[in-house]
Amino acid sequence: MSPGISYFFGQLGKAFFALGSHASLLSLAAAFLIAVAFLTLRRYRKGRRIRIKALLRALFPRHVVTSKSSLADLGYFYFNIFLFGLVFGWALLSYEVVSHSVAQALTAAFGPRPPAALPAFVYRTAITILLFLAYELGYWLNHYLSHRIPFLWEFHKVHHSATVLTPLTNFRVHPVYMCIFLNILALFIGTANGFGNYIFGQAAHQYAVSENNIILVFFIYLYVHLQHTQLWISFTGWLGHLFMSPAHHQIHHSRNPAHFNKNLGSCLALWDWIFGTLYVPAAEPEKLEFGVEPDRPNAHTIRGELFAPFARAALLLKPLIDRRPQAGALPAPEQERA
Ligand SMILES: [Zn+2]
Ligand SMILES: [Zn+2]
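Fair warning: this is a prediction, and the values are worked out from it, not measured in the lab.

Definitions and cut-offs
- Residues numbered from 1 in each chain as written.
- Chains lettered and ligands numbered in written order.
- Predicted model: local features only at pLDDT ≥ 70, side-chain atom pairs only at ≥ 80, totals over all residues.
- Heavy atoms only, no water.
- Axes fitted to C-alpha atoms, helices over the stretch in contact; angles between N-to-C directions.
- Helix = DSSP H or I, 4+ residues; strand = E, 2+ residues; numbered from the N terminus.
- Parallel < 35°, antiparallel > 145°, perpendicular 65-115°, else oblique.
- Contact = heavy atoms within 4.5 Å.
- Nonpolar A, V, L, I, M, F, W, Y, C, P; charged D, E, K, R; others polar.
- Donors = N, O, S within 2.8 Å, 3.2 Å for Na, K, Ca; no water.
- Tetrahedral: all angles 85-135°; square planar, octahedral: opposite > 155°, others 65-115°.
- Buried < 20%, exposed > 50% of the residue type's maximum accessible area, 1.4 Å probe, protein only.
- Expected span 1.5 Å × (residues − 1).
- Arc of directions from axis to C-beta.
- Polar contact = N/O pair within 3.5 Å; in protein donor to acceptor, adjacent residues only side chain to side chain.
- pLDDT = per-residue confidence, 0-100.
- Phe/Tyr/Trp six-rings, centres within 6.5 Å; stacked < 30°, edge-to-face > 60°.
- Patch = residues over 30% accessible without salt bridge, like charges linked within 9 Å, V, L, I, M, F, W, Y side chains within 5 Å.
- Areas by Shrake-Rupley, 256 points an atom, 1.4 Å probe, with all protein chains shown as cover.
- Salt bridge = Lys/Arg side-chain N within 4 Å of Asp/Glu carboxyl O.
- 1 Å grid on protein atoms, 1.4 Å probe; cavity = no way out; pocket = protein on both sides within 12 Å on 5 of 7 lines; lining within 4 Å.
- Points joined across faces, edges and corners; volume = space filled by probe spheres on them.

## Concerning the packing of helix α2 (residues 25-45) against helix α10 (residues 214-224)
Two elements in contact, α2 and α10, have axes whose closest approach is 7 Å; the angle formed by their N-to-C orientations is 40°. With respect to each other, α2 and α10 are oriented oblique. Between α2, through L26, S27, A30, A31 and I34, and α10, the contact on the second element is made entirely by I220, Y221 and L222. Residue composition of the contact of α2 with α10, grouped by class: seven nonpolar, one polar and no charged.

This is the structure we're talking about:
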């Protein structure tokens, strides 16, 4: 088989068949079953008849399936599965290097620690939780910066320009956003891992499925796919302060200014709660519209969603560059002017 074809099938296998992948078919099937159970229960509670046709209409609304926005999601899904690694893989800050440096720095500062006299499952569980919390914190910070810094927002806007939400919208992220995200993640997870290794006096490996943290994989199966749907599954009360339900993330995509810059976490609402960016959704569906600048020229095209962000971000940098004094126009030093 030619290297190109084997790369294609290799990426396809990793994306759809690795159990811990963000796009694994099994996790999509789990999301489908949860959605069916949710809709069935809702109709049953309202005393309505449960009909397959009505369920399918609610799961795959025609305006969502045939939307131009969904087509752009599909384009980005393809790009991120097959091309991203080739184009931007080199830009990664090494997680291992960060982890090793942190463990070394702690050893130099506080002296070496003996290996923990604990059963392996105790410190492996601890490191699994620690790395998951570090992932969520890194995700929150990157997302916060992407919303607050205009230059970064131009690249993140691609995700928010989706006018309908489907599980594929999860992959509608610009490569520049992805690149910064992966570097921040390497920094946060590497630091947490180095810290954990130092505390336990040995390399402690997290529990993982296809190299993905097992707690993260659990949430991918439970509700991450449903965050990008129109199904209002909301967690309220204390659950809504800890976990990012599908409704939480739909609020994040809302065009209502009251919802702007809220709910920036991935699986957890915890960091949003701590940093004051949490909006707990109501139990009953809120009327939402999605999509930033839906009428922008070239919305949902490769030109509009992949190349235009570079131009718009560059325009934001222009005033900064223009304000810099030109080499020939530097103010004379004080003594020369005197
Ligand atoms: Zn966002
Ligand atoms: Zn989203």
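## Focus: the coordination of the zinc ion (ligand 2)
Taken together, the protein ligands of the zinc ion (ligand 2) are H159 (NE2), H228 (NE2), H249 (NE2) and H253 (NE2), with distances of 2.0 to 2.1 Å. What the four donor atoms of the zinc ion (ligand 2) show is an angle range of 92 to 151° at the metal, which sorts the shape as irregular. Coordination of the zinc ion (ligand 2) draws on donor residues from a single chain, spaced H-x68-H-x20-H-x3-H in sequence. On the criterion of sequence distance, the pair formed by H228 in the loop between α10 and α11 (237-242) and H253 in the loop between α12 (246-252) and α13 (270-275) is long-range, its members being 25 residues apart. Per residue, the accessibility class of H228 equals that of H253, and both read buried.

## Describing helix α6 (residues 95-110)
Compared with the 22 Å implied by 1.5 Å per residue over 16 residues, the 22 Å span of α6 between its first and last C-alpha is a close match. When we look at burial in α6, the residues that qualify are V98, S99, V102, A103 and L106. The arc that holds every buried residue of α6, seen down its axis, measures 125°, which confines them to one face. Of the residues in α6, the exposed ones pointing more than 90 degrees away from the buried face are E96, V97, H100, Q104 and A108. In this structure, the buried residues of α6 make contact with α9 (175-200). For α6, the N-terminal capping position is held by S94, with its side-chain oxygen 3.3 Å away from the main-chain nitrogen of E96. Just downstream of α6, G111 is the residue with a positive phi angle, here 85°.

## Quick look at the confidence of the model for the chain
Looking at the chain, pLDDT values average 89 and 93% of them are 70 or higher. Segment residues 328-338 is flagged for pLDDT under 50; beyond a separation of four residues in sequence, or across chains, it makes three contacts in the model.

## Quick word on the packing of aromatic side chains
Two measures describe an aromatic ring pair: the distance that separates the ring centres and the angle between the ring planes. Applying the stated criterion to the full structure yields 19 aromatic pairs. When the centroid spacing of 5.5 Å and the interplanar angle of 70° are considered together, the rings of F155 and F310 count as edge-to-face. Here F155 is found in helix α8 (residues 150-160), whereas its partner F310 is found in helix α14 (residues 302-323), with 155 residues between them in sequence. The buried category is assigned to F155, whose relative accessible area is 4%. Taken together, a centroid distance of 6.3 Å and an interplanar angle of 25° make the contact between Y177 and F181 stacked. In this pair, Y177 and F181 are both assigned in helix α9, four residues apart and thus about one turn of the helix distant. In this pair, the class of Y177 matches that of F181, namely buried.

## Let's talk about a nonpolar patch on the surface
A cluster of nonpolar residues, F32, L33, I52, L56, F60 and V65, forms a patch on the protein surface that exposes about 610 Å² of accessible area. With respect to the secondary-structure elements, F60 resides in the loop between α3 (52-59) and α4 (62-65).

## A look at the environment of T128
Locating T128 in the fold gives a position in helix α7 (residues 120-148). Those residues in contact with T128 that sit more than four places away from it in its chain are Q206, Y207, N213, I214 and I215.

## Digging into the layout of surface pockets
Estimates place the volume of the second largest pocket at around 460 Å³. Residue lining of the second largest pocket: 23 residues in total, with L59, F60, T166, P167 and T229 positioned closest to the centre. Elements that contribute at least two residues to the lining of the second largest pocket include exactly α2, α3, α4 and α5 (68-88). The leading source of residues in the lining of the second largest pocket is α2, at four residues. Looking at the lining of the second largest pocket, its residues break down into 17 nonpolar, six polar and no charged.

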